[in-house]
Each structure stands twice: as structure tokens, then as C-alpha cells.
Amino acid sequence: SKHACSEARLSLLPTLAAQSQQPALRLALLRRKLLGALRRLLQSCADGRRTGEADATRLQLSVLGVIRQVAPHVSPALLRQSMGLGRIVLILSRSTSAKEIVRKAAAAAARDLLNSENMNPDAHLAHVGEVVVKLDEEQPEAHPLREKQQRQHKQQQQHSQHSQQQQ
């Protein structure tokens, strides 16, 4: 049945969420590409016709909840390893076709990922900042990540200027 797939996925999420709360299991899950699996879940439920709209929304909210739960422990390397989770969450936060509750949950998940203690203003965050700027150009209303992105851009400019002055 077309809903069996989403029901099976939904049934796994409570276990995954519980395991990701345990520090020893959380690190093992993150190292074993939990973020990539969450990205695939978000991608698979993007089309509500495959899973049913109600199930797709529940699945998206559940996946975004797990992302928020593990976000404080995600490093730039782990996020890069997910092969696009950050981009998908950002796009979902701005999607006009997604329900408002999903957009808000995606924006919160993106904010949590970027505000993680493990994140540093490195090349990966510069790329995420470029995505936010592109999204803001397409839809100029205020974006929840805009302030963080502007701070990081300013820090990178100051670092570049400081490096040039030392040479």
C-alpha cells in the first residue's frame, strides 16, 4: 500500500528519537550517518502524493524534531556528510508548498543546526550563508537565520581583512 512505507518510517522515529537522547548512542548514530538517513526521510515525504499528505506532514515534523534534538551535537563535518540535509531544511523552511507548521519547524531546525556549539564560521557555514542570501533575494521577507548569517559574514570579512593586514 502507498501508506505502508510512511507508517513503517513513522513507527521507527520514536525509537530513533529515544536513542538519540542517550549520549553514548547519539554519537554512534551521528557517526553512522543518522543525518543522511534523516535527509532521505525528508526527501521521501516531500511529495505528499506518495505517502499521503497527513502522513507526510507528521513524518516531516517528526524528522525535524529529531534534527532539533541532535543539532547541539552536530559538527560541520557531520552536516557535510549528510549530503544536503542543511540545504533541504533551509529550502523546506521557505517552501510555499509546505504547511506553515512544517515551515516553522524547519526554520527552528535550521536555526538549531547553525547555533550548535560545534559549528564554527568555516567554509561550510559560508556556503549555508550563501544559500540563505539567495533565498532572501528570492523572498525578501525576514528570515530567521538572517541575523546569524550576517554575523558570520562580518566575522569572515574581519578575518580576511586581518589576514591581509598581516601580510
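Read on for an overview of the structure. (Residues numbered from 1 in each chain as written. Predicted model: local features only at pLDDT ≥ 70, side-chain atom pairs only at ≥ 80, totals over all residues. Heavy atoms only, no water.)

### So, the overall build of the protein
Argument step 1. Within the protein, the regular secondary structure consists of 10 helices and zero strands.
Argument step 2. Each helix (α) and strand (β) of the protein, taken in turn from the N terminus, gives the series α-α-α-α-α-α-α-α-α-α.
Argument step 3. Counting only residues that meet the buried cut, the protein has 41% of its 167 residues in that class.
Argument step 4. Taking as baseline every contact in the protein between residues at least 6 positions apart, the subset at least 24 positions apart corresponds to 72%.
Argument step 5. Only carbon and sulfur atoms are counted for the fraction: they give 51% of the accessible area of the protein, which is about 9,700 Å². (Helix = DSSP H or I, 4+ residues; strand = E, 2+ residues; numbered from the N terminus. Buried < 20%, exposed > 50% of the residue type's maximum accessible area, 1.4 Å probe, protein only. Contact = heavy atoms within 4.5 Å. Areas by Shrake-Rupley, 256 points an atom, 1.4 Å probe, with all protein chains shown as cover.)

### Here's the deal with the packing of helix α3 (residues 34-44) against helix α5 (residues 53-70)
Think of two packed helices as two axes; the pair is described by the angle between the axes and how far apart they sit.
Argument step 1. Two numbers describe how α3 lies on α5: the axes approach to 10 Å, and their chain directions differ by 160°. As judged from the angle between their axes, α3 and α5 are roughly antiparallel. Considering the relative orientation of α3 and α5, their crossing is left-handed. On α5, the residues that touch L34, L35, L38, L41 and L42 of α3 are L59, Q60, V63, L64, V66, I67 and V70. (Axes fitted to C-alpha atoms, helices over the stretch in contact; angles between N-to-C directions. Parallel < 35°, antiparallel > 145°, perpendicular 65-115°, else oblique. Left-handed = near helix turned anticlockwise from the far one by under 90°.)

### Details of the pattern of salt bridges
Argument step 1. Scanning all chains against the criterion turns up four salt bridges.
Argument step 2. A salt bridge links E53 to K99, with the nearest nitrogen and oxygen atoms 3.8 Å apart. You can see E53 sitting in helix α5 and its partner K99 sitting in the loop between α7 (85-94) and α8 (100-114), a full 46 residues away along the chain.
Argument step 3. Assessed through its relative accessible area of 53%, E53 is described here as exposed. (Salt bridge = Lys/Arg side-chain N within 4 Å of Asp/Glu carboxyl O.)

### What to know about unusual backbone geometry
Argument step 1. Notably, K33 is not glycine yet its phi reads approximately 65°, a positive angle.
Argument step 2. Along the polypeptide, K33 turns up in the loop between α2 (23-31) and α3.
Argument step 3. Even without being a glycine, M83 presents a positive backbone phi close to 60°.
Argument step 4. Mapped onto the secondary structure, M83 falls in the loop between α6 (76-81) and α7.
Argument step 5. Residue classification places M83 among the exposed residues on the basis of a relative accessible area of 62%.

### Quick look at the nonpolar core
Argument step 1. L35, L38, L42, L64, I67 and V89 are the most contacted members of the largest nonpolar core, which has 33 residues in total.
Argument step 2. Secondary-structure elements contributing two or more residues to this core are α1 (4-21), α3, α5, α6, α7 and α8.
Argument step 3. Among the elements that line this core, the one with the most residues is α5, at seven residues.
Argument step 4. Among all residues touching I67, those that are not within four sequence positions of it are L38, L42, L85, V89, A109 and L113. (Core = buried A, V, L, I, M, F, W, Y, C linked by side-chain atoms within 4.5 Å.)

### Description of the environment of R32
Argument step 1. Tracing the backbone through its elements, the reader meets R32 in the loop between α2 and α3.
Argument step 2. Taking relative accessible area as the criterion, R32 reaches 66% and is therefore assigned exposed.
Argument step 3. Sequence spacing of R32 and L78 is 46 residues, and the spatial spacing of their C-alpha atoms is 9.7 Å.

### A few points about the environment of A109
Argument step 1. Along the chain, the position of A109 falls in helix α8.
Argument step 2. Between the alpha carbons of A109 and G65 there is a distance of 7.5 Å; along the sequence they are 44 residues apart.
Argument step 3. When near neighbours in sequence (up to four residues on either side) are disregarded, A109 contacts L64, I67, R68 and V89.

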